[in-house]
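Read off the chains here:
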Amino acid sequence: TMEEELTPEQKVQVVKGFILASPPGEIGDVIRDVSVLLGGKDKLESSLPVIACEYNLKHNTVCKGSNGERVVVCPSGQADASEGSIIDPSVGKVLTLDHIKREVTGCSGDAPALSVAVEQLQAAAQKEMEKYAKASLSDGGAAVHGKEGADGAVTLSVHVSGTR
């Protein structure tokens, strides 16, 4: 039988599946290994930032801030899907990230304003979750994002991530 050759785009989709299935902490090794399938990392370069962002969101990855702080990348904190920026609730800012290096690269402004009720609950929970993450996880971080429903009920989304 005659084997069909995959297009470059199809190969990237296959490789994307491998990368997204990487165990936590192993994404760099998987990227290096699957780049061989594409004939080099340069074939993956344009897709890699988007793939790494998706991976980080899926795994609540902890990124390093410029002052050593730990920022959790999580779906509830996603500020702009097209740019991969996130809201850091501990400082109330929208941060830009290098999702491949898992580092904060800058600040693009203030987080959207919250009601007083949401802000107070979110801040209190954020403080406690950060204490827990720092005490319990070697590379731990926490993110608490709040929102207010139409009925005035406050919902908090809590993300704690790191390694023991």
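For the structure, check the block above.
Computed from a predicted model, the values in this text were never measured in an experiment. (Residues numbered from 1 in each chain as written. Predicted model: local features only at pLDDT ≥ 70, side-chain atom pairs only at ≥ 80, totals over all residues. Heavy atoms only, no water.)

*Asks:* Tell me about a nonpolar patch on the surface, and please be specific about residues and values.
*Replies:* Among the surface-exposed residues, L121, Y132, L156, V158 and V160 lie close enough to one another that they form a single nonpolar patch of about 390 Å² accessible area. Mapped onto the nonpolar patch, the elements with two or more residues apiece are α4 (116-136) and β8 (154-161). At 3 residues, the largest contribution of residues to the nonpolar patch is made by β8. By secondary structure assignment, the location of L121 is in helix α4. L121 gets classed as partly exposed once you look at its relative accessible area, which sits at 44%. (Patch = residues over 30% accessible without salt bridge, like charges linked within 9 Å, V, L, I, M, F, W, Y side chains within 5 Å. Areas by Shrake-Rupley, 256 points an atom, 1.4 Å probe, with all protein chains shown as cover. Salt bridge = Lys/Arg side-chain N within 4 Å of Asp/Glu carboxyl O. Helix = DSSP H or I, 4+ residues; strand = E, 2+ residues; numbered from the N terminus. Buried < 20%, exposed > 50% of the residue type's maximum accessible area, 1.4 Å probe, protein only.)

*Asks:* Tell me about helix α1 (residues 8-20), residues and numbers included.
*Replies:* In an α-helix, one turn spans 3.6 residues, which is why side chains three or four residues apart end up on the same side. Over its 13 residues, α1 extends 18 Å from the first C-alpha to the last, a length consistent with the 18 Å expected when each residue adds 1.5 Å. Those residues of α1 that fall on the buried side of the exposure criterion are V12, V15, I19 and L20. The arc that holds every buried residue of α1, seen down its axis, measures 130°, which confines them to one face. (Expected span 1.5 Å × (residues − 1). Arc of directions from axis to C-beta.)

*Asks:* Could you give an account of the pattern of salt bridges, with specific residues and numbers?
*Replies:* A complete count under the given rule lists 6 salt bridges for this structure. For E54, the salt bridge identified is with K16, shortest N-O distance 3.3 Å. Placement of E54 in helix α3 (residues 48-59) and of K16 in helix α1 is noted, with a sequence separation of 38 residues between them. Residue classification places E54 among the partly exposed positions, given a relative accessible area of 35%.

Don't take any of this as a statement about function, it's just geometry.
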